[in-house]
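Coordinate analysis (summary)
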Amino acid sequence: MDRVSVFDEPLKKLLGGATAKVMAEHLGLHTVGDLLHHYPRRYEERGQLTALADLPLDEHVTVVAQVADARIMMFNNGRGKRLEVTLTDGSGRLQLVFFGHGVHKPHKDLLPGRRAMFAGKVSVFNRKMQLAHPTYQLLDTADADEATEAVDAFAGRLLPIYPACKQLDSWRIAKAVDTVLPSARDAVDPLPLPLREGRGFTPLPEALLKIHRPQTKADIADARDRLKWDEAFVLQVALARRRYADTQLPAVARRPRHGGLLDAFDAKLPFTLTEGQEKVSKEIFDDLATEHPMHRLLQGEVGSGKTMVALRAMLAVVDAGGQAAMLAPTEVLAQQHHRSITEMMGELAEGGMLGGSDLGTKVVLLTGSMGMAARRQALLDLVTGEAGIVIGTHALIEDKVQFHDLGLVVVDEQHRFGVEQRDALRSKGKQPPHLLVMTATPIPRTVAMTVFGDLETSVLDQLPAGRSPIASHVVPAKDKPHFLSRAWERVREEVGNGHQAYVVCPRIGDDADDEAEKKNRKKAAEKAAEEDGEKRPPLAVLEIAEQLAKGALAGLRIEVLHGRMNPDDKDDVMRRFAAGQVDVLVATTVIEVGVNVPNATAMVIMDADRFGVSQLHQLRGRVGRGSAAGLCLLVSEAHEASPARARLSAVAATLDGFELSRIDLEQRREGDVLGQAQSGVRTSLRMLSVIDDEEVIAAAREEAATIVAADPDLARLPELRTALAALLDKEREEYLDKG
């Protein structure tokens, strides 16, 4: 059997159908290679007992402990039997409970003084931690072959504890690993020999043996170092090849014209650009001046002036005879961008119109809900080149839309666009257009290097002068209802001072909630219920608006805004809110990005625990946009000790988006960073942590760039090509291709 196919061998052949089925369905493991890369989560040392005092609630755990006490209890007038076993480990005690017919075997096995491994889900009963009906394996008896093997494994000093599931315990996974471990000798080593020797890495077959069956702690450290590098390096090679391929594409260089549109725009700016804006603009202009397409990610805090930087890039392209398109995720945002860009440009946005500037161009809006006549005119302006700038939603991607000479695509809020949509717009240029991706969701450097590794990154981290700080507080509505009353009083005070407020709710609350949304809500409610014991559905815009109008905020001008309103109605509400004709806007997250009302100073987020960390940070960025200080109140019924409340406290404690994105990532660290937008794609990061392994990722990126520059097709590195093929199944390759 050749070296590649050993790892592709289906587990069914070696482990039997039943075990292979559970591994595939519950752990996502299908082949020998998958199982060899299913690494132990931790290791037990002989003589060292797991700290029972630190067991996490509601998690599936494996513990090694000693039986202190076991007794049969009768209940239901003697008709029911319950076996209660107390375990001890010196740090704490844990109760096991078995019911009914399930008590006989454990009653015989679990005698005081016996040591065993136990696996089960930790719950609480009568204020005590317990495992109900755990599976177990004795570690100090030679009654059966299986137990003897367990003792041998235990005597082997370090006992691997694998990520397990209810259907398959850690020690059964360990037995399965024993079956496939001989195949590790045939592992194809992806690291080029000079790199491996230069960095003193263990060969891959040896690293796999050491990670699964270590003799010493040094073995584990050795193996981890090596396996982390493999993950980081193979992924960075994939991204480096993508970047290299991009540099081979032709593009038209777009240089701003001296005395042209950009100079005229800069001359009429009523303020000076921040240092950050100047620096990032230079990076973008340098990219635009090259004859291969720019691929740049521009990240900046809410309100850091990204739109200004993007607009200047668009004007530079128009100066150079091209057109620029800005793609926004929602109609509200597209309309808002169009409004703010035409306002900033003034007569420069009225090219060819009476009173327009000779240097000017046309700025058109294109959305799905436009009337036929306006739409026809916009399409005509694009195909003739009359319009230098177009701002639109995914309506820009339709086949009918044609450009005279598309030179730059700006994508706002990348995470809301499918990669296919971004690609479809790029294909509208005669040659590949330059691409600028903007996001207000701060991305830690390591994630940017991993997820957006095919894009060069620019960061805007200064806020323009005149922006105000935002005070954030958690309002525990369940524990302290008077805090919520005080929150509404604060909203009244802000309105009394001539300001405005937002109230954000997780859902709309109308009859038109479609089936998918209902399912999502049910899932979210169940997840929240696990965290805080509540089963009620998330609060809704229409219900809250009605309650506030009749109660706490009676007499104020209250309007609602949500995604299922008619686009004209949405626009009308936003216009009136921006004009100060509405005191309180009760909305869903449609206001999350791009809405700019400097007079809005307060925001109350209902059921704040139902939103993610980054989303809360984005929402909060809607207030404090003027000279008056902002206030954000995070209302939650989650109990104080829950992870949900910890998340909210973290948001309230800092305005640093990068710090929050790090917290967000730590909470989602089990997710596959590269493929989180895809389902059914192999998890690529098993050993590497994008939070903790910044140095490894940065070093791997450098090595990858050097290797790809010297040998773009990896013709001299067949093993590395094989490893890439294993990482990049078809779906993932397409995902990377489209970036």
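Up top you'll find the structure we're talking about.
The structure presented is a predicted model; accordingly, all values stated were derived computationally and were not measured.

Section: the overall build of the chain
A tally of helices and strands in the chain yields 27 helices and 21 strands. The buried share of the chain, taken over its 739 residues, is 53%. Across the chain, contacts joining residues at least 24 apart in sequence account for 73% of those joining residues at least 6 apart. Roughly 33000 Å² of accessible area belongs to the chain as shown, and the carbon and sulfur atoms make up 51% of that amount.

Some points on the pattern of salt bridges
Taken as a whole and assessed by the stated rule, the structure comprises 34 salt bridges. With a closest N to O distance of 2.7 Å, D287 and R296 form a salt bridge. The same class applies to D287 as to R296, namely buried. Of the charged contacts in the structure, one is a salt bridge between R486 and E493, with a shortest N-O distance of 2.9 Å. Taken together, the salt bridges that share partners define one network made up of R486, E489, R490, E493 and E494.

Side note on helix α12 (residues 275-288)
Between its terminal C-alpha atoms α12 stretches 20 Å, which fits the 20 Å expected from 14 residues at 1.5 Å a residue. Among the residues of α12, G276, Q277, V280, S281, I284, F285, D287 and L288 are the ones counted as buried. Buried residues of α12 fall within an arc of 160° about the axis and therefore sit on the same side. Within α12, the exposed residues directed more than 90 degrees away from the buried face are E275 and K282.

Structural notes on the nonpolar core
Counting 39 residues, the largest nonpolar core has M314, M345, I389, L408 and L436 as its most contacted members. Per-element tally for this core: the top contributor is helix α13 (residues 306-319), with ten residues. Beyond its immediate stretch of four places on either side in the chain, I389 contacts L311, M314, L315, V318, A324, M345, K362, V363 and V364. V32, Y43, A176 and L181 belong to the second-largest nonpolar core, a separate cluster that totals 32 residues.

Description of the sheet that holds strand β20 (residues 600-605)
If you walk across this open sheet you meet the six strands as β16-β21-β20-β17-β19-β18, and the pairing is parallel. The open sheet has two edge strands, β16 (470-476) and β18 (558-561), and neither has a second partner. For this sheet the average axis-to-axis angle between neighbouring strands, irrespective of direction, equals 20°. Two strands pair when backbone bridges link them, and β20 and strand β21 (residues 630-636) are joined in this way by four bridges, in the parallel orientation. By the bridge assignment, I605 is partnered in β21 with L634. With respect to the sheet, helix α20 (residues 541-550) is in contact with β17 (500-504), β18 and β19 (584-587), its orientation differing from that of β18 by roughly 180°. Contacts from helix α23 (residues 643-653) reach β16 and β21, with the element oriented near 160° to β16.

Concerning the sheet that holds strand β13 (residues 406-412)
Within the open sheet, the seven strands sit side by side as β11-β12-β10-β13-β14-β9-β15. Their pairing is parallel. Looking at which strands have only one partner, the edges of the open sheet turn out to be β11 (362-366) and β15 (456-460). Averaged over all pairs of adjacent strands, the angle between their axes in this sheet comes to 20°, without regard to strand direction. Sheet topology note: the strand β10 (residues 323-327)/strand β12 (residues 387-392) ladder contains four bridges and is parallel. Within the sheet, the bridge partner assigned to A325 lies in β12 and is V390.

As for the environment of P203
Mapping P203 onto the fold places it in the loop between α8 (193-198) and α9 (204-212). For P203, a relative accessible area of 33% corresponds to the partly exposed category. Note: C-alpha distance between P203 and L193 (ten residues apart in sequence) is 9.5 Å. Setting aside residues up to four positions removed in sequence, P203 forms contacts with D189, R196 and R226.

A short note on the packing of α12 against α13
Close contact between α12 and α13 brings their axes to 10 Å; oriented N to C, the two are set at 30°. As α12 runs across α13, the sense of the crossing is right-handed. When α12 is examined against α13, the residues Q277, V280, S281, I284, F285 and L288 are found in contact with a partner set consisting of M308, V309, R312, A313, A316 and V317.

Description of the environment of R241
Residue position: R241 is located in helix α10 (residues 217-248). On the accessibility criterion, R241 (29% relative accessible area) is partly exposed. Linking R241 and L714, residues 473 residues apart in sequence, is a C-alpha distance of 9.5 Å. Those residues in contact with R241 that sit more than four places away from it in its chain are V708, P712, D713, L714 and L724.

Regarding the packing of aromatic side chains
Evaluation of the coordinates by the stated rule reveals five aromatic pairs. Ring centres 6.2 Å apart and planes at 40° place the aromatic pair F118 and Y136 in the tilted group. Taken together, the residues F118 in strand β5 (residues 115-125) and Y136 in strand β7 (residues 135-138) connect sequence positions 18 residues apart. Of the two residues examined, F118 and Y136, each falls in the buried class. Relative to W229, the ring of F201 has its centre 5.5 Å away and its plane inclined at 50°; by these criteria the two rings are tilted. Highlighted residues: F201 in the loop between α8 and α9 and W229 in helix α10, separated in sequence by 28 residues. An aromatic cluster of three or more residues is present, and its members are F98, F118 and Y136.

Examining helix α14 (residues 331-345)
A rise of 1.5 Å per residue sets the reference length of α14, with its 15 residues, at 21 Å; its end C-alpha atoms lie 21 Å apart and thus fit the reference within 8%. Turning to α14, its buried residues number three or more, namely E331, V332, L333, A334, Q335, Q336, H337, I341 and M345. Regarding α14, its N-cap is T330, as a side-chain oxygen of that residue lies 3.1 Å from the backbone nitrogen of L333 further along. Downstream of α14 by a residue or two, G346 has a phi angle that is positive, lying close to 60°.

Considering unusual backbone geometry
Residue H133 is not a glycine yet carries a positive backbone phi of 45°. With phi around 55°, L714 is a residue other than glycine that occupies positive phi space. Its place among the elements puts L714 in the loop between α25 (694-710) and α26 (718-727). Residue classification places L714 among the buried residues on the basis of a relative accessible area of 0%.

Thresholds, definitions, all that
Residues numbered from 1 in each chain as written. Predicted model: local features only at pLDDT ≥ 70, side-chain atom pairs only at ≥ 80, totals over all residues. Heavy atoms only, no water. Helix = DSSP H or I, 4+ residues; strand = E, 2+ residues; numbered from the N terminus. Buried < 20%, exposed > 50% of the residue type's maximum accessible area, 1.4 Å probe, protein only. Contact = heavy atoms within 4.5 Å. Areas by Shrake-Rupley, 256 points an atom, 1.4 Å probe, with all protein chains shown as cover. Salt bridge = Lys/Arg side-chain N within 4 Å of Asp/Glu carboxyl O. Expected span 1.5 Å × (residues − 1). Arc of directions from axis to C-beta. Core = buried A, V, L, I, M, F, W, Y, C linked by side-chain atoms within 4.5 Å. Pairing = 2+ DSSP bridges. Axes fitted to C-alpha atoms, helices over the stretch in contact; angles between N-to-C directions. Left-handed = near helix turned anticlockwise from the far one by under 90°. Phe/Tyr/Trp six-rings, centres within 6.5 Å; stacked < 30°, edge-to-face > 60°. Polar contact = N/O pair within 3.5 Å; in protein donor to acceptor, adjacent residues only side chain to side chain.

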